[in-house]
Amino acid sequence: MSAPTPSLAAPPRPIIGVFDSGFGGLTVLRALLPRVPSAHYIYLGDTARLPYGAKSQATIARYAVESARFLADRGCNYLVIACNTATALALDDIRSAVTIPVLGVIEPGALAAKRTIPEPGGDVLVLATAATVQSHAYRTACAALGLRATEVACPLLVPLVEEGWTDHPVTRDVLSIYLTEALTRCAPQAVLLGCTHYPLIADAIEQTLRSLGSTAILIDSADATAAAATAALGHIPSRDTPTTEPPPTFECFATDSVEKFKRMGSFFLRRPIDHVHHLDLGG
Ligand code: DGL
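Notes on the structure follow. (Residues numbered from 1 in each chain as written. Predicted model: local features only at pLDDT ≥ 70, side-chain atom pairs only at ≥ 80, totals over all residues. Heavy atoms only, no water.)

**Section: the environment of Val258**
Okay, so step 1: Considering the arrangement of structural elements, one finds Val258 in helix α11 (residues 258-269).
Okay, so step 2: Among the residues examined, Val258 registers a relative accessible area of 22% and is labelled partly exposed.
Okay, so step 3: In sequence terms Val258 and Leu32 are 226 residues apart; their C-alpha atoms lie 22 Å from each other.
Okay, so step 4: The contact partners of Val258, leaving out residues within four places of it in the chain, are Val276, His277 and His278. (Helix = DSSP H or I, 4+ residues; strand = E, 2+ residues; numbered from the N terminus. Buried < 20%, exposed > 50% of the residue type's maximum accessible area, 1.4 Å probe, protein only. Contact = heavy atoms within 4.5 Å.)

Next comes the structure, spelled out in structure tokens:
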């Protein structure tokens, strides 16, 4: 009997679900695309029910579980909760509701802070939504790593980013007010962007910090999460060698206007989003 012919079938393409309440999670998708180019991505922005950051734990958990179930039912075999608020308030509920592995943003963000400030007792300023701050999820995650976190709620930033005012004088004024107050409470070595919308205004945050005399290093939890997802998927990006991998593909779902999602999403993803499916998840 001859030996069985080795299978030439390509390994199955991972389907990665990426979920956020709005456009902010596109910062995580943007970081993931070049890292795991062999995957197909399904992005869901629950834009009709945004902002999550001002809502109760029960409501956030209900919205996030419905969104996660949709992505799991759509065939995703890995789920990235690209929303700090949903991670802080609903990660356990999401994990109980679906059978696929689920990664949140908070642990990767806290670990990135630890890599930035290796000595124990370092000070981290966490900028986040009101709900994330009230949950103290970052304080807990940072304390477990020997870091001291000061958590500051910045509720006006998500609407400003969703409006596309990423380089607008009003956004800079608002940042100046938040950061001036925050720096009276701590002298951070690192500032953790604890909301996936904030990387979109990272330049303005950094410039405001410098104008206030802070030399703190900015940490983007979107990047840290994409790196953690890449490691969890066991993917080794083949940057230096020619690759036969097909380019990454993605599709987007939004629960509110698909036109707005196409327009704003293309700007935030830094590549065109030609088509967006509308999804009704109810109220
Ligand atoms: N992007 C979400 C986060 O990371 C917040 C947006 C919202 O308030 O819905 O927390």
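**Describing the side chain of Asp46**
Okay, so step 1: Counting through the fold element by element, Asp46 comes out in the loop between β2 (40-45) and α2 (57-73).
Okay, so step 2: Not counting the four nearest positions on each side in its chain, Asp46 is found in contact with Phe19, Asp20, Ser21, Gly22, Tyr52, Tyr63, Ser67, Thr255 and Leu281.

**Observations regarding unusual backbone geometry**
Okay, so step 1: For the bond from Leu50 to Pro51, the omega torsion is 0 degrees, close enough to zero to count as cis.
Okay, so step 2: For Pro51, the position within the fold is in the loop between β2 and α2.
Okay, so step 3: The residue His136 is not glycine, and still its phi comes out positive at about 55 degrees.
Okay, so step 4: In this fold, His136 is placed in the loop between α5 (130-135) and α6 (137-143).
Okay, so step 5: With relative accessibility at 29%, the residue His136 sits in the partly exposed group.
Okay, so step 6: Unlike most non-glycine residues, Arg270 shows phi in positive territory, near 60 degrees.
Okay, so step 7: Residue position: Arg270 is located in the loop between α11 and β10 (276-278).

**Overview of the sheet that holds β10**
Backbone hydrogen bonds hold the strands of a sheet together, and the pairing may be parallel or antiparallel.
Okay, so step 1: Here we have six strands laid out as an open sheet, ordered β4-β3-β1-β2-β9-β10, and parallel in their pairing. With one partner strand each, in any of the chains shown, β4 (102-103) and β10 form the two edges of the open sheet.
Okay, so step 2: Bridge analysis of strand β9 (residues 249-254) against β10 gives three bridges, and the strand direction is parallel. Opposite Phe253, over in β10, you have His277 as the bridge partner.
Okay, so step 3: Running at roughly 165 degrees to strand β3 (residues 78-81), helix α10 (residues 221-232) makes contact with β3 and β4 of the sheet. (Pairing = 2+ DSSP bridges. Axes fitted to C-alpha atoms, helices over the stretch in contact; angles between N-to-C directions.)

**So, helix α3 (residues 84-97)**
Okay, so step 1: Over its 14 residues, α3 runs 18 Å from end to end, which matches the ideal 20 Å to within 8%, given 1.5 Å per residue.
Okay, so step 2: In the structure, α3 departs most strongly from a straight axis at Ala90, where the bend amounts to approximately 80 degrees.
Okay, so step 3: Within α3 the residues assigned to the buried category are Asn84, Thr85, Ala86, Thr87, Leu89, Ala90, Leu91 and Ile94. (Expected span 1.5 Å × (residues − 1). Bend = angle between axes of the 7 residues up to and from the residue.)

Purely geometric numbers; function is a separate question.
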